[in-house]
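Structure at a glance
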Amino acid sequence: MKLADRLQGIAPSATLEITAYANEMRASGIDVIGLAAGEPDFESPSQSKHDAIQAIEEGFTRYTATSGIAPLKTAIAEKLIHDNHLEYANDEIIVSCGAKHSLFNLMQVLVNPGDEVLIPSPYWLTYPDQVRLHGGVPVFIPTDEQTGFKTTAAQLTQFLTPRTKALVINSPSNPTGAVYDQATLEAIAELAVRHNLVVISDEIYEHFVYDGRAHCSIASLGEEIKARTMVINGVSKAFAMTGWRIGYAAGPKPLISAMGMIQSQSTSNPSSIAQKAAIGALREGRDFYAPLVKEFTERRGIMHTQLTTIPGISCLKPDGAFYGFANVSALIGARFSDQSMTSSSQIATYLLHEAHVAIVPGDPFGAPTHIRISYATSREKIKTGLDRIRLAVQKLQTVTS
Ligand code: PMP
Ligand code: GLU
């Protein structure tokens, strides 16, 4: 059977695939340590669980308004004022089945074939494929350790063409942990306004910032930039609610209503039960995620200290999110018996089979010389996982050794 042309060049989400594969290995009795998934290992808020059970018992189990129930939109609007100094009316907000779905809806209403979307690289692997699925062209803006994995307005200017439609800002970043400061965002906002770009601001890791850093939403930097920014967020990360599938977008009304139309012809409303659960989570806010962030600060320290003492691996201390993005270029070309580590994917496969540790290679993030290590798991697992990685790396014969 011939599948649609739009599938050409599209890959399944590597993060989800590797996590699923590691789970299969574990189910078959292999003790695999998972440092792949970007998924907090905490329980969802008890208020959310309670509200979900109550929703079921009270029969709140029917279709809801396609774009989300009013009390949830109100809770989101309050959160956006409180955390981000952003004021939105309920009709400037849409609730979807996860932030990934919010992004997908946005691409549907924004991207025409040939439109270019600027994406700082390394990037979360879903952005380019969602752009490609709509016939758009992802334009990668290279960044590296030297620039703290951040772009600037000056660099972005070099990539503008008459087809440039939008720009993705993901701060804090998955996979690099980069966090943009206000001054850099102000210059980028000015560029976006001047060149009529839509800014897609994915803020799903906003609360995971370390060493006294603060998250700044680019949309909060003035009315002009707010009028062309779509803020993407959700409850998956901050509230350990990945499985509930609630994300949202806030932005200009014409875009939000077009996204609502797409949603009405695709998924309809997100789960009525999960919507109720998300209200409790958002109301709990800081009280819930502050202890998570504290714990993640400790884990980040453990991960970084252990990782950077492994010969052949270097890693910037991430300013945000919950990933270590390690440079393994010194290991590319190394050998283990008859296997050659020709790419970070090879290294990831080697670590999975030799060390029984699941990590994500950098290739799908646009960084073939890096690997991503998630520290959204227990301190014990991080320690053991990195001990295993150290042993496996020691077994590799580098070209010079
Ligand atoms: N944005 C980024 C940068 C992510 O890492 C993820 C991964 N969960 C998402 C969006 C999507 O999150 P969800 O669909 O679970 O809300
Ligand atoms: N975003 C998470 C990650 O990068 C979950 C997987 C996914 O949604 O692709 O691990």
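Shown above is the structure to which this text applies.
First things first, this report covers the structure right here in the doc.

A word on the site of ligand 1
For ligand 1, the set of nearby residues contains 13 residues, the closest of which are Ala-99, Asn-174, Asp-202, Tyr-205 and Lys-237. Between ligand 1 and Asp-202 there is a distance of 2.6 Å, counted from a nitrogen atom to a side-chain nitrogen or oxygen. The contact in question runs from an oxygen atom of ligand 1 to an N or O atom on the side chain of Tyr-205, over 2.7 Å. Comparing atom positions with the cavity grids shows ligand 1 to sit within the largest pocket.

Remarks on unusual backbone geometry
Following Ser-121, the chain continues into Pro-122 via a peptide bond in cis, with omega recorded as 0°. Put simply, Asn-174 and Pro-175 share a cis peptide bond, and its omega is 15°. Within the secondary structure, Pro-175 is located in the loop between β5 (164–170) and α7 (182–194). With phi around 60°, Asn-196 is a residue other than glycine that occupies positive phi space. One can find Asn-196 in the loop between α7 and β6 (198–202). With a phi angle near 50°, Ala-240 is a residue other than glycine that sits in the positive phi range. Locating Ala-240 in the fold gives a position in the loop between β7 (229–234) and β8 (247–250).

A look at the layout of surface pockets
In this model, the largest pocket occupies a volume close to 470 Å³. Lining the largest pocket we find 22 residues, and of these Leu-16, Gly-38, Lys-100, Trp-124 and Lys-237 sit closest to its centre. When contributions to the lining of the largest pocket are tallied by element, the ones reaching two or more residues are α1 (14–27) and α4 (99–110).

Section: the sheet that holds strand β14 (residues 360–361)
With antiparallel pairing, the four strands of this open sheet are ordered in space as β9-β10-β15-β14. One side of each edge strand has no neighbouring strand; the edge strands of this open sheet are β9 (314–315) and β14. Across two bridges, the pairing between β14 and strand β15 (residues 370–374) is antiparallel. Across the sheet, the residue bridging to Val-360 is Arg-372, located in β15.

Observations concerning empty space enclosed by the protein
This model, assessed by the stated rule, comprises one cavity of 30 Å³ or more. Along the wall of the largest cavity there are 14 residues; nearest its centre are Pro-120, Pro-122, Tyr-123, Asn-170 and Ser-173. Mapped by element, the contributors of at least two residues to the lining of the largest cavity are β3 (116–121) and β5. In terms of residue class, the lining of the largest cavity is built from nine nonpolar, five polar and no charged.

A short note on the site of ligand 2
All residues adjacent to ligand 2 are Ser-13, Thr-15, Leu-16, Ala-37, Gly-38, Lys-100, Trp-124, Asn-174, Lys-237, Tyr-323 and Arg-372. Between ligand 2 and Gly-38, the relevant distance is 2.9 Å, taken from an oxygen atom to a main-chain nitrogen or oxygen of the residue. Asn-174 places a polar side-chain atom, nitrogen or oxygen, 3.0 Å from an oxygen atom of ligand 2. Coverage of ligand 2 by the protein chains reaches 86% of its 280 Å² of free accessible surface. The cavity where ligand 2 resides is the largest pocket.

Quick look at the packing of α4 against helix α5 (residues 126–133)
Relative to each other, α4 and α5 sit at 35°, their axes nearing to 9 Å. Note that α4 runs across α5; the crossing there is right-handed. Only Thr-126, Tyr-127, Gln-130, Val-131 and Leu-133 of α5 make contact with α4, whose side of the interface consists of Lys-100, Leu-103, Phe-104 and Met-107. Along the lines of polarity and charge, the residues of the contact of α4 with α5 split into six nonpolar, two polar and one charged.

Here's the deal with the packing of aromatic side chains
Counted under the stated rule, the structure contains 15 aromatic pairs. Judged by centre distance (6.0 Å) and plane angle (70°), the ring pair of Phe-239 and Tyr-289 falls under edge-to-face. Taken together, the residues Phe-239 in the loop between β7 and β8 and Tyr-289 in helix α11 (residues 286–307) connect sequence positions 50 residues apart. Residue Phe-239 shares its accessibility class with Tyr-289, and that shared class is buried.

Cut-offs applied
- Residue positions are given per chain, counting from 1 as you read along its sequence in written order.
- The naming scheme follows written order: chains are lettered A onward, ligands numbered 1 onward.
- Reporting of local features is limited, given that this is a predicted model, to residues whose pLDDT is at least 70; pairs of side-chain atoms are given and counted only at 80 or more, and all residues count toward the totals for whole chains, interfaces and linings.
- Remark: hydrogens and water are excluded; side-chain values derive from all non-hydrogen atoms of the structure.
- We call a residue near a molecule or strand as soon as one heavy atom of that residue lies within 4 Å of the molecule or strand.
- Identification of polar contacts relies on pairs of N or O atoms within 3.5 Å, with a donor-acceptor requirement for protein atoms, meaning one able to donate a hydrogen and the other able to accept it, and with residues adjacent in sequence counted only if both atoms are side-chain atoms.
- The pocket and cavity definitions rest on a 1 Å grid over protein atoms only: a 1.4 Å probe that fits but cannot leave marks a cavity, an open set with protein on both sides within 12 Å along at least five of seven lines marks a pocket, and residues lining either have an atom within 4 Å of a point.
- Being in a pocket or cavity means that more than half of the molecule's atoms lie within 2 Å of its grid points.
- Elements are defined by DSSP. Helices are runs of H or I of four residues or more, strands are runs of E of two residues or more, and each kind is numbered from the N terminus.
- Grid points are joined across faces, edges and corners, and a volume is the space filled by probe spheres set on the points.
- A pair of strands is considered paired only if DSSP assigns at least 2 bridges between the two.
- In this count, Pro and Cys sit with the nonpolar residues alongside Ala, Val, Leu, Ile, Met, Phe, Trp and Tyr, while Asp, Glu, Lys and Arg are called charged and the others, Gly among them, polar.
- Where accessible areas are quoted, they stem from the Shrake-Rupley method and a 1.4 Å probe; at the residue level, only the protein chains shown are allowed to cover.
- Axis lines are fitted to C-alpha atoms, over the contacting stretch for helices. Their N-to-C directions set the angle, which ranges from 0 to 180 degrees.
- Here a crossing is taken to be left-handed if its near helix is turned anticlockwise relative to the far helix by less than a right angle, and right-handed if that turn runs clockwise.
- The contact definition used throughout considers only heavy atoms, calling two residues in contact when any of these lie within 4.5 Å.
- Ring pairs shown here join Phe, Tyr and Trp side chains whose ring centres sit within 6.5 Å, with only the six-membered ring taken for Trp; geometry is labelled stacked below 30 degrees between planes, edge-to-face above 60, and tilted in between.
- Here's how the labels work: a residue is buried when its accessible area is under 20% of the maximum for its type, exposed when over 50%, partly exposed in between, all with a 1.4 Å probe on protein chains only.

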